[in-house]
Each structure stands twice: as C-alpha cells, then as structure tokens.
Number of protein chains: 2
Amino acid sequence: MRGLYFDGALQLRHDLPEPQLRADEALIGLRLAGICHTDLELTRGYMGFTGVLGHEFVGELLTDHGSFAAGTRVVGEINVACGVCDFCGADVPSQCRNRVTLGIDRYDGVFAERFRLPVRNLYAVPETVSDEAAVFVEPLAAALQIPALAPISPSERVVVIGAGKLGLLVAQVLRLLGCELIVVARQVRPISLLEKWRISYVDARRTDWLDRIGRKSAHVVVDCTGNAEGFAHALEVVRPRGTIVLKSTYSSLPSANLTRVVVDEVKVIGSRCGPFGAAIRLLENKLVDVDSMIEAVYPLADSLAAFDHASSSGVLKVLLHP
Amino acid sequence: MRGLYFDGALQLRHDLPEPQLRADEALIGLRLAGICHTDLELTRGYMGFTGVLGHEFVGELLTDHGSFAAGTRVVGEINVACGVCDFCGADVPSQCRNRVTLGIDRYDGVFAERFRLPVRNLYAVPETVSDEAAVFVEPLAAALQIPALAPISPSERVVVIGAGKLGLLVAQVLRLLGCELIVVARQVRPISLLEKWRISYVDARRTDWLDRIGRKSAHVVVDCTGNAEGFAHALEVVRPRGTIVLKSTYSSLPSANLTRVVVDEVKVIGSRCGPFGAAIRLLENKLVDVDSMIEAVYPLADSLAAFDHASSSGVLKVLLHP
C-alpha cells in the first residue's frame, strides 16, 4: 500500500506492507490526515523515529469491532498504553510508562492508506462533524489540555504567545472561557483569522508589543512558540503567582530565567495530549472554526510536496487524503 | 553605630547613621542575625544592592509601638510593601509590585546595632523560643512556603535535592507531613544531621544516586541547589504529572529541558518568602531542630570573618550578635 515513510529520509512508498493487527487493534482506512509541527520535527530527527509518519487523522473502520461497525468514521488517541503501569491504573494512559505513540514513537502512523490502532483508543465521529473538522480533533484536544491542567477563571487575563496552527486552536478554546484573551501573532494569515474571530491580538512585529500587553500583567501565559524566546517573553508577561503553560516541544535546551520563576513564584505547567470527547463536542456544537485553518489538501501521492508546503513559514494546516 | 555595609565592597563600618524612621516603622535593636546564601549572592552583585546587608534577625523593640511594648522580642517579614497595589489588596504583600526588601533591595538590613522595619511586618517571639531559634524564623517560613504553594499528600514520595542551610530546613518541614522523604546530600555535616533526624538520604557522591532514588519516581522534587544541575536532576527524578519546586535563586541563566516539562506534563513552581506564624508555631512546639544547624556565632565587630566562614563549602548557619 501507499504511505509516507521516514527512516532518516522522507520517502513516498508504494510497497508498504499491510498493518499486522494485534487482537485489541482495529484496521482503519484513512479518510483525511493532518501534518503537525511534530511531524516536521520528526523529519529533523526528533525521537529518532523510523516508520510511517502521522498521528492526526479521521478514518473509517474496515471491519466490525464490538460496538463499532465497519464503516464507522473514527478519530483516535495517539498514546498506545500498556494498561498495567501505575499511570494506566490511575486512568492516565497518556502518561503510560510503557507507551508507544502513533507515528511518533515505535508505532506506525496514519500517513498511509491503512493503519491500525487499539479499539480502546477510538472515538466515533458524529454525523454532523465533517471529515475536514474531525481531522482537527487531536490538536484541538491538545489545546483543551490547557484548561484541564491549569484551571482558568473567566475574569483572568490570558496571553497566548504564538499564533501558528496550535496557537490558533488554543486561542479559540480559551476564548470560550470568557477570559480576557490576547494573542501575540506575527504572520498575516493568523492575524486575519484572529480578526475574523474577534480575538484581540498584538502584532509581534511592533517593537512595543510587550508594553502594549503590559509586563507582569497576565494571570496565564501559554507559550505556543516552541522556542526559547517564547519562554523568555512569557516570563516578561506573566504576573507574580501567575501560570505559564508550555504547549510545544523545544528544539534545543533553552536558557531559562529560573530565578525569575522563584522570585515571582510563577508556576510553569507542561501540557501535552488532551480530552478527545471535549474536542468532538466543541466541533459538534460549531464552537471552533477549523475550516478556515485549512491551508491545502494533497493526495498521499503528493505527500512530499505537502510536507514542503507545510514546512513553509506562516502556513496553516496541510491535509492529506488517500 | 556599627554595621556591615556593602557598596561593591563589604566593609565593617563604625560610623553608620542612625536609622531614620517613617511613621509606620519601629526602631529595633539587634539581638541575633543569620547569614543567608542570598547575602553571599548580594556581595557578588545580585540585585545591585548598596547598603546594610542582612534580613534574618531577632531583635527587640527600642520604643513602644501600639500593642508592642518596648523590649518585646520580635522577628519580621522582609518585604516592605506599598499597601495599595493589586497584590497588597489581595493580601499577598510578599509580591507587592512596589516593594523594597530588607537588606536585599533598596532598604537597609539588619547587620547593624539598630535598624527599622514597619510595625505591620513584626511578630512577637514567644518566651519559650530562644533567640538562637527565633533567628531561624525567616528561612523556616521560606521552607513552609513549599506546602503553601504545592500541596503535598502524606502518601507522596518527595525528594529534596541539596542539603545546605535551606535544604535542611525544607527537609525538616516536609518530614512533618508524613510523606516518603529522601534528601540528596553530599557534605559530611548535613549527612550527620539527617542521620540524627532519621531522615532518609542518598549520598550524591555515589555515582548511582539517581538510580537509588529511582528515575521518574517522585511526586514532588524540591531543588535547593541553586544551580542548573539541580534543576536537570529534578527533571530526572520527578514522575510524569509531578511537581518540581524551585527554592533558591540561580546565579546564571541555566539551560532547562522544557520539552521534558511538556512531554511529562510536569509542573514547576517557584517559591519564595513564607508564613511567619507557622514557622513560629513549629519552633514553639520544638518540631524543628535549628540549634544543631548553628555553625558559629560572631560579634558584629568580626562580621567580615563571619562572612568568610559562611562562604566556605558545607558550612551551616553563621550568626552575628551586636
């Protein structure tokens, strides 16, 4: 079958073996997949991954599986957990100590015609949610992990630094909380979307953007930049006793002003995969606009061109269909 | 009057002017003062401080002040707050936006025969608490700020990295919570105290100390080292979804593995000054042994020698009397 394979080099292959299922796994046919920042990082060596890339998907079951009939449209959680460690026992499989991860860590991903995932990882997609919306469930769930780990009060001032694919989803999720929200953006496309959604922003190309937000003014700052400068800016903007949420992986070991964390008694919270059920509900209720975030759709056969496109600066979501 | 003054160079002076009191301030005569790691940092340029050093003290009121009669023994909070900013309004004067800080930031300290502090900062010392114990109230309160900001359950595994003056107080406070406590120590004196107090420790001079504690095993890790290596070790020891408490200021901008914070969804909490009332209660109830932590007592006249002594590696608390 056809798929996008990485083993140090990114290759479109037509001879991939069919997925070999374990008893608890379902065979899924791809309908639509999304290219994520993490996929780009993986092709630069992150995690030392070898295999089929891809973890954002909507697919359809190719056989019956208990309550799921063949043909059911599904999305799925990316952590393949052991079911027996302390975190699995505490119902936190996303932090399973023995996990492998779909398209990221020792488990083939979804940029292929067919792939596998444990049935327990799957969620049926409601009829009213299109494939184009459902493919955003995984990153939208990751955005929802922010209020899951760092409760945000409706009267708080919240700053999101970085308005890429993830930052825009985070901004849309936090807007729903009623909090005073400001996004730091620097690209034309995200800025036009923020204007469309009536979300306040400051243009990071202005030299005075930090003062426009107000130093030490935010109860919560979410760093969606993935670079050391983003964390340094978050420390400038967060108020004493405030919270910085780290949302993306960092490509190097950034220097961090930990003394500032101590003196201002700041809380820094890392946040990763989130609740799929909540993400599906927001899409079902049309509370989040993901359609406007689609940059382009490519067939798997053109997935190398799709990766090139997705790597360009300021580009939003690039999708793949089989 | 006599005092220890810093203006780029540390000087014992005999010609210091008497403190000039504002209406809300009390004049206090020094009984005993403690030299803290922060004092040593200040003499290396931290905060750009100029003035009389010192912020750990027990003194006596030299005049009547409302409910406090002259002669009352007092300790005092070090943050001199404005009383009008949002943090003062929220009863968090320790994070006052306009604060100055006793012996640290634009406010003369206590290494002098007499000094001043707002009456509202003062706490009377109970009769049963000796001067030698009362002088530890400020750092003991700082240790108590850990459970104040990062609630610790009695069944959790807690690791304290660093067993200097602050680390030993932190260990004694956390032992009272009933949690499974392990201290990482490397000096002979602290290790003998930990043995005396029956607090578990691992000797950081052993190459396998990380494995002896267990990687990713601790619910809470407190970094009392003040160096980048301490934070890196804390990240090795903390379990996913666990908490790292930063307790000391860092002399440089350490590199920090923020990706690890994200992937393991770790919480990092900075923690500074703490509750004086609680510290006094612990001393009154003799639940903490501070007497064993006194290394030496010098007169103010020998305070330069006292600083030299306090700067040596592995030395515990050095005190000054007038």
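Residues numbered from 1 in each chain as written. Chains lettered and ligands numbered in written order. Predicted model: local features only at pLDDT ≥ 70, side-chain atom pairs only at ≥ 80, totals over all residues. Heavy atoms only, no water.

A few words on the packing of helix H4 (residues 137-149) of chain B against helix H10 (residues 276-284) of chain B. Residue and element names in this part refer to chain B. Taken N-terminus to C-terminus, the directions of H4 and H10 make an angle of 110 degrees; their axes are 8 Å apart at the nearest point. Taken together, the axes of H4 and H10 are roughly perpendicular relative to one another. Here H4 contributes Val137, Glu138, Leu140, Ala141 and Leu144 to the contact with H10, which in turn contributes Phe276, Ala278, Ala279, Ile280, Leu282 and Leu283. Its residues assigned to classes, the contact of H4 with H10 shows ten nonpolar, no polar and one charged. (Axes fitted to C-alpha atoms, helices over the stretch in contact; angles between N-to-C directions. Helix = DSSP H or I, 4+ residues; strand = E, 2+ residues; numbered from the N terminus. Parallel < 35°, antiparallel > 145°, perpendicular 65-115°, else oblique. Contact = heavy atoms within 4.5 Å. Nonpolar A, V, L, I, M, F, W, Y, C, P; charged D, E, K, R; others polar.)

The subject of this paragraph is the side chain of aspartate 223 of chain B. Residue and element names in this part refer to chain B. For aspartate 223, the position within the fold is in strand E14 (residues 218-223). Nearest to the buried, unbridged aspartate 223 among oppositely charged side chains is arginine 186, at 11 Å. At 3.2 Å, the side chain of aspartate 223 and the backbone nitrogen of phenylalanine 231 are in polar contact. Residues in contact with aspartate 223, not counting those within four places in the same chain, are Ile161, Gly230, Phe231, Val245, Leu246, Lys247, Ser248 and Tyr250. (Buried < 20%, exposed > 50% of the residue type's maximum accessible area, 1.4 Å probe, protein only. Lys, Arg positive; Asp, Glu negative; His and termini not counted. Salt bridge = Lys/Arg side-chain N within 4 Å of Asp/Glu carboxyl O. Polar contact = N/O pair within 3.5 Å; in protein donor to acceptor, adjacent residues only side chain to side chain.)

Its rotation angle being 180 degrees, the transformation that places chain B on chain A also includes 0.0 Å of axial translation and leaves an RMSD of 0.0 Å. Both copies of the chain, as the preceding transformation shows, are related through a two-fold rotation axis. Closest approach to the rotation axis within chain B is made by the C-alpha atom of serine 255 of chain B, at a distance of 2.0 Å. (Least-squares fit on C-alpha atoms with pLDDT ≥ 70 in both.)

Our next topic: the pairing of E14 of chain B. All names here are of chain B. The buried fraction of E14 amounts to five of the six residues, a majority that puts the element mostly inside the structure. The sheet contact formed by strand E11 (residues 157-161) and E14 spans four bridges and is parallel. Note that in E14 the partner of valine 160 across the bridge is valine 222. Pairing of E14 with strand E15 (residues 238-246), which is carried by five bridges, proceeds in the parallel orientation. Opposite valine 220, over in E15, you have threonine 243 as the bridge partner. With helix H8 (residues 228-237) bridging E14 and the parallel E15, this β-α-β connection has right-handed handedness. (Pairing = 2+ DSSP bridges. Right-handed = clockwise from strand over helix to strand, strands pointing away.)

Taken together, the contact pairs 40 residues of chain B with 40 residues of chain A. Here chain B meets chain A over a buried area of about 3400 Å², counting both sides, of which 58% is carbon and sulfur. Considering only the side of chain B, the residues that lose the most area to chain A are Leu258, Val262 and Glu265 of chain B, jointly responsible for 18% of the buried surface there. Here aspartate 86 of chain B and arginine 239 of chain A are joined by a salt bridge, their closest N and O atoms 2.7 Å apart. Its residues assigned to classes, the side of chain B that touches chain A shows 19 nonpolar, ten polar and eleven charged. Bridging between strand E16 (residues 267-270) of chain A and strand E16 (residues 267-270) of chain B involves three bridges; their strand directions are antiparallel. (Buried area = accessible area lost by both parts, 1.4 Å probe.)

With that settled, consider the domain arrangement of chain A. All names here are of chain A. On domain assignment, one finds that chain A holds domain 1 (3-135 + 289-321) and domain 2 (140-270). Between the C-alpha centres of domain 1 and domain 2 the distance comes to 27 Å. Facing the 16 residues of domain 1 at the interface are eleven residues of domain 2. Both sides together, the interface formed by domain 1 and domain 2 hides about 1200 Å², and carbon and sulfur atoms give 55% of it. A per-residue breakdown of the area domain 1 buries against domain 2 is headed by Asp289, Met293 and Leu316, which together make up 40% of the total. Along the contact surface separating domain 1 from domain 2 lie two salt bridges. Residue lysine 196 pairs with aspartate 289 through a salt bridge whose shortest N-O separation is 3.5 Å. (Domains from an automatic or database assignment.)

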